Amino acid sequence: MSSYMQKAGVKLFAKHIDQYRPQDPLYEEYTDERGRLRRRKRAVPPGLSPRDAKILKSVQRRAHYLDKSFSICGLRFGWSVIIGLVPGIGDFADFLLSYYVVLRKARQADLPGWLVRRMLLNCIISAVIGFVPAVGDIAVGVFKPNSRNAALLEEFLRIRGEEYVRMETEMEAKKAGVVAEGSGLSKKDIEQVKPGAGMETATGQPSTSGAASSTLTYPPGRNSQKQKADDGQGRFVENLNSGTAGTKK
């Protein structure tokens, strides 16, 4: 009876813990035709340059190994927790891994400064929590800063890819003489997102400013009056902070 209660307690604990931890950065779950729960690698968002796609895959893979490599009683943890258990230098070494293995790689995708700072804050929070004896290592295993940073990178690059695809569609529409509706993002947002960043230019060199941004104009959309009243950060920053990145109602 006690063994049954222990197993039930572990399952209940794992169920509640799962509500507070980020999703696996490398794999996603889906239901197959027979109703069975499966998992597969996350697809790269459309519209990304080969450079950005390679960076995203690398960050997702590294974050997975650092945060979710192992599973015990339904609880997933990675090398970050194991390294953090080393007395004295474990938590400091874990912070260095999070920065050099994940964050530094993500920065190669031409991210805006505010996003890099948010990702760095996740690393710092994890390091501070890890210094708390015993409980700190468990909290780090739940917080999973690398998975959170991988999710931030994926969401940002998804918006970049969507804007690049939209701009390509807009160019084709202009060639056909069709007037296309403008983007929901302001010009300031476009400068931060950099659609087409990493695409090869006519000289064969990767673009760092966005391949499409230098050749397209941005006609005002339905929210043009509201966009003019935005501050210097642009609507993208505000929307991301409120949890609705890159969308407008």
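Residues numbered from 1 in each chain as written. Predicted model: local features only at pLDDT ≥ 70, side-chain atom pairs only at ≥ 80, totals over all residues. Heavy atoms only, no water.

**Q** Please explain empty space enclosed by the protein as it appears in this structure.
**A** Where empty space is left can be seen by rolling a probe of water-molecule size over the atoms. Across all of its chains, the model carries 2 cavities of 30 Å³ or more by this definition. In this model, the largest cavity occupies a volume close to 50 Å³. Lining the largest cavity we find S80, V81, G84, D91, D94, S126, A127, G130, D137 and V140. Elements that contribute at least two residues to the lining of the largest cavity include exactly α3 (79-84), α4 (90-106), α5 (113-130) and α6 (135-143). (1 Å grid on protein atoms, 1.4 Å probe; cavity = no way out; pocket = protein on both sides within 12 Å on 5 of 7 lines; lining within 4 Å. Points joined across faces, edges and corners; volume = space filled by probe spheres on them. Helix = DSSP H or I, 4+ residues; strand = E, 2+ residues; numbered from the N terminus.)

**Q** Honestly, helix α7 (residues 145-175) in this entry has me stumped. Any pointers?
**A** Side chains three or four residues apart in an α-helix point the same way, a direct result of the helix having 3.6 residues per turn. Along its 31 residues, α7 runs 45 Å from first to last C-alpha, staying within 8% of the 45 Å computed at 1.5 Å per residue. Directly beyond the C-terminal end of α7, a positive phi value near 80 degrees is found at G177. (Expected span 1.5 Å × (residues − 1).)

**Q** I would appreciate a short explanation of the side chain of S126 in the present structure.
**A** With respect to the helices and strands, the residue S126 is situated in helix α5. Those residues within four positions of S126 in sequence are excluded, and the remaining contacts are D94, V140, F143 and P145. (Contact = heavy atoms within 4.5 Å.)

**Q** It is not clear to me how the packing of α5 against α6 should be interpreted in this structure. Could you clarify?
**A** Packed helices, taken two at a time, are described by the angle their axes make and the gap between the axes. Relative orientation of the contacting elements α5 and α6 amounts to 155 degrees, with a least axis distance of 7 Å. With respect to α6, the element α5 is oriented roughly antiparallel. Here α5 contributes N122, I125, S126, I129 and G130 to the contact with α6, which in turn contributes G136, D137, A139, V140 and F143. Taken together, the residues of the contact of α5 with α6 sort by class into 5 nonpolar, 4 polar and 1 charged. (Axes fitted to C-alpha atoms, helices over the stretch in contact; angles between N-to-C directions. Parallel < 35°, antiparallel > 145°, perpendicular 65-115°, else oblique. Nonpolar A, V, L, I, M, F, W, Y, C, P; charged D, E, K, R; others polar.)

**Q** What exactly am I supposed to notice about the packing of α5 against α7 here?
**A** In the contact formed by α5 and α7, the axes pass within 9 Å of each other and the chain directions differ by 165 degrees. When the axis of α5 is compared with that of α7, the two are roughly antiparallel. Judged by the sense of rotation from one axis to the other, the crossing of α5 with α7 is right-handed. Residues L115, R118, M119, N122, C123 and S126 of α5 form the contact with α7, whose own contacting residues are P145, R148, N149, L152 and F156. Of the residues that constitute the contact of α5 with α7, the class distribution is 6 nonpolar, 3 polar and 2 charged. (Left-handed = near helix turned anticlockwise from the far one by under 90°.)

**Q** Help me understand the pattern of salt bridges, please; the structure alone is not making it clear to me.
**A** When the charged atoms of two side chains lie near each other, side chains of opposite charge can form a pair. Tallying each qualifying case throughout the model produces 12 salt bridges. A salt bridge links R39 to D24; its shortest N-O distance comes to 4.0 Å. In this pair, R39 sits in strand β2 (residues 37-41) while D24 sits in the loop between α1 (2-17) and β1 (27-31), placing the two residues 15 residues apart along the sequence. A salt bridge links E162 to R158, with the shortest nitrogen-to-oxygen separation between them at 2.5 Å. With E162 and R158 both in helix α7 and 4 residues apart, the pair spans about one turn of that helix. (Salt bridge = Lys/Arg side-chain N within 4 Å of Asp/Glu carboxyl O.)

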